[in-house]
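Spelled out from the first residue to the last, the chains are:
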Amino acid sequence: MGNRATMLRYLPFLLVLAVWIYAFIDVLNTPEKEVRHLPKVVWVIIVLLFGEVLLGPIAWFVTGKVRNAPGGGSSVRGGRGGQWVAPDDNPEFLKSLRDEDPDEKKKD
């Protein structure tokens, strides 16, 4: 039972470390044109200096990077005003399914 308590004691440290590393890698992999408010080098320094208390990573995730809407692919969009459309409601997707008739492939 003591082993589990020891593991739980290190869990917060490991979670902070994971967020810190993820933010650092995210800053490094983000193209310069998608970095907001400060130069990329400054964001790297902020994440490294304030990562232990999560201020740097949180600041990066909230304000440092241009975030795209999920499903930003052009083939998924097709609703009114460029809104996201589920594949079964997307006319382009449904047309692509009709174009790929599996029975025709079997005949070849």
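The structure displayed is predicted, hence computed values, not measured ones.

Here we look at helix H3 (residues 55-64)
Inspection of H3 places Gly-56, Pro-57, Trp-60 and Gly-64 among the buried residues, and these make up the whole buried set. The buried residues of H3 occupy an angular sector of 100° when projected down its axis, which confines them to one face. Relative to its buried face, H3 has exposed residues pointing more than 90 degrees away, namely Leu-55 and Val-62.

Examining the packing of aromatic side chains
Evaluated as defined, the whole model comprises two aromatic pairs. Judged by centre distance (5.8 Å) and plane angle (35°), the ring pair of Tyr-22 and Phe-61 falls under tilted. Placement of the pair is Tyr-22 in helix H1 (residues 2-29) and Phe-61 in helix H3, with a sequence separation of 39 residues. With a centroid separation of 5.5 Å and an interplanar angle of 65°, the aromatic rings of Trp-43 and Trp-60 are classed as edge-to-face. A residue pair is termed long-range when its members are at least 10 positions apart, and Trp-43 in helix H2 (residues 40-50) and Trp-60 in helix H3 qualify at 17 residues.

Focus: a nonpolar patch on the surface
Where nonpolar side chains cluster on the molecular surface, the patch consists of Tyr-10, Phe-13, Leu-14, Leu-17, Ile-21 and Ile-25 and spans about 570 Å² of accessible area. Mapped onto the secondary structure, Ile-25 falls in helix H1. Ile-25 sits in the partly exposed class, given a relative accessible area of 43%.

A short note on unusual backbone geometry
Non-glycine residue His-37 carries a positive phi angle of around 70°. Structurally, the position occupied by His-37 is in the loop between H1 and H2. Taking the relative accessible area as the measure of exposure, His-37 reaches 66% and is therefore exposed. The phi angle at Leu-54 is positive, at roughly 65°, despite the residue not being glycine. On the basis of relative accessible area, Leu-54 is assigned to the partly exposed category, the value being 22%.

Conventions and cut-offs
- Residues numbered from 1 in each chain as written.
- Predicted model: local features only at pLDDT ≥ 70, side-chain atom pairs only at ≥ 80, totals over all residues.
- Heavy atoms only, no water.
- Buried < 20%, exposed > 50% of the residue type's maximum accessible area, 1.4 Å probe, protein only.
- Helix = DSSP H or I, 4+ residues; strand = E, 2+ residues; numbered from the N terminus.
- Arc of directions from axis to C-beta.
- Phe/Tyr/Trp six-rings, centres within 6.5 Å; stacked < 30°, edge-to-face > 60°.
- Patch = residues over 30% accessible without salt bridge, like charges linked within 9 Å, V, L, I, M, F, W, Y side chains within 5 Å.
- Areas by Shrake-Rupley, 256 points an atom, 1.4 Å probe, with all protein chains shown as cover.
- Salt bridge = Lys/Arg side-chain N within 4 Å of Asp/Glu carboxyl O.

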